[in-house]
Amino acid sequence: MPGPTFILELPICVNDSESRTILRKFEFARQLHNATLGSALGQLQQLRQDSDWNKACLMPKGKEKTNLFKCLDRKYRLTEYDLHAVIAKHRQASGRKVELGISETQKIATRVFQAVNRYKLGLGGRPRFKSIGRGLRSIEGKTNKTGLKFNIEKSVLTWCKHDYRVLIDPHDE
């Protein structure tokens, strides 16, 4: 079980060039999200057309039903790690892989997996593609050791070999 987590929003100080770079990275993340979501929804559609899916849905709750669903997920490559592989292929094929690290793209794939899984289980609506106007609002990494790295002593956020100065109020505890 991972340790406690928290979210902290801090403004960064950027010039126009850095601002455009960040916007370009967010646009690339949006495109990767949409490509991965499209792949996942296609795989889900294929899974639901399988006769074993209907059989599993009619079974009573238990280990046998759970195992059949897991087998179907693996057969149709609809696991979280399969989506990590899908987004890695999209990232590689784009020719823009230096814009986002693999840990950020894997977190995007995890978000897509969670949304598609909720939809598959009937716990949420159909996941939507992100439009250009609305886009992604945040990007996260897996750890503070790769990708997005925050150095609190220097008040610097390092992201894909670029340093951004973080503005911290010295009077805020």
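Criteria and thresholds
Residues numbered from 1 in each chain as written. Predicted model: local features only at pLDDT ≥ 70, side-chain atom pairs only at ≥ 80, totals over all residues. Heavy atoms only, no water. Helix = DSSP H or I, 4+ residues; strand = E, 2+ residues; numbered from the N terminus. Buried < 20%, exposed > 50% of the residue type's maximum accessible area, 1.4 Å probe, protein only. Contact = heavy atoms within 4.5 Å. Areas by Shrake-Rupley, 256 points an atom, 1.4 Å probe, with all protein chains shown as cover. Lys, Arg positive; Asp, Glu negative; His and termini not counted. Charge placed at Lys NZ, Arg CZ, Asp CG, Glu CD. 1 Å grid on protein atoms, 1.4 Å probe; cavity = no way out; pocket = protein on both sides within 12 Å on 5 of 7 lines; lining within 4 Å. Points joined across faces, edges and corners; volume = space filled by probe spheres on them. Nonpolar A, V, L, I, M, F, W, Y, C, P; charged D, E, K, R; others polar. Phe/Tyr/Trp six-rings, centres within 6.5 Å; stacked < 30°, edge-to-face > 60°. Lys NZ or Arg CZ within 6 Å of the ring centre and 35° of its normal. Salt bridge = Lys/Arg side-chain N within 4 Å of Asp/Glu carboxyl O.

Peer 1: Which parts of the structure should I look at to understand the overall build of the protein?
Peer 2: Along its length, the protein carries five helices and four strands. From first element to last, N terminus to C terminus, the protein shows the α and β order β-α-α-α-α-α-β-β-β. Across the 173 residues in the protein, those meeting the buried criterion constitute 34%. When contacts within the protein are restricted to residue pairs at least 6 apart in sequence, long-range pairs at least 24 apart make up 68% of them. Counting only carbon and sulfur atoms, one obtains 53% of the accessible surface of the protein, whose full area is about 11,900 Å². Taking the average location of the 32 positive side-chain charges in the protein and that of its 18 negative ones, the two points are 8 Å from each other.

Peer 1: Mind showing me how you'd approach empty space enclosed by the protein here?
Peer 2: Once rolled over the atoms, a probe with the size of a water molecule shows which space is left empty. All told, the structure shown has one cavity of 30 Å³ or more when counted by the stated rule. Taken together, L78, L83, F113, V116, N117 and K120 form the lining of the largest cavity. By residue number, the principal contributor to the lining of the largest cavity is helix α5 (residues 102-120), which donates four residues. Residues of the lining of the largest cavity, tallied by class, amount to four nonpolar, one polar and one charged.

Peer 1: Help me understand the packing of aromatic side chains in this model?
Peer 2: Any pair of aromatic rings gets described here by the distance separating the centres and the angle formed by the planes. Following the criterion strictly, the structure yields two aromatic pairs and no others. Here the aromatic rings of F26 and W159 are separated by 6.2 Å at their centres, their planes lie at 85°, and the arrangement is edge-to-face. With F26 in helix α1 (residues 16-48) and W159 in strand β3 (residues 156-159), the pair connects residues that are 133 residues apart, well separated along the chain. A relative accessible area of 5% places W159 in the buried class. Just above the ring of W159 sits the side chain of K25; from NZ or CZ to the centre is 4.7 Å. Its end group placed over the ring of Y119, R48 keeps NZ or CZ at 4.9 Å from the ring centre.

Peer 1: Got a minute to help me understand unusual backbone geometry in this structure?
Peer 2: Note on backbone geometry: most residues besides glycine have negative phi, and most peptide bonds are trans. Located in the positive-phi region is R77, a residue other than glycine, with phi close to 50°. Here R77 is to be found in the loop between α3 (63-75) and α4 (80-94). By relative accessible area, which is 48% here, R77 ends up partly exposed. One non-glycine residue, S155, adopts positive backbone phi at about 55°. Turning to its location among the elements, S155 is positioned in the loop between β2 (148-151) and β3.

Peer 1: Please clarify how the environment of L58 should be interpreted in this entry.
Peer 2: The residue L58 is located in helix α2 (residues 51-58) in this model. In sequence terms L58 and K142 are 84 residues apart; their C-alpha atoms lie 38 Å from each other.

Peer 1: Sorry if this is basic, but what is going on with the pattern of salt bridges here?
Peer 2: Oppositely charged side chains can form a pair if their charged atoms are brought close together. Evaluation of the coordinates by the stated rule reveals eight salt bridges. Here K55 makes a salt bridge to D52, at a shortest N to O gap of 3.8 Å. Taken together, the residues span about one helical turn, with K55 and D52 both in helix α2 at a distance of three residues. Exposure remark for K55: the relative accessible area of 48% places this residue in the partly exposed category. The salt bridge involving E99 is made with R96; its shortest N-O contact spans 3.3 Å. Judged by relative accessible area, R96 falls into the partly exposed class, the value being 23%. Among the charged side chains, a salt-bridge network with shared partners connects R24, R96 and E99.

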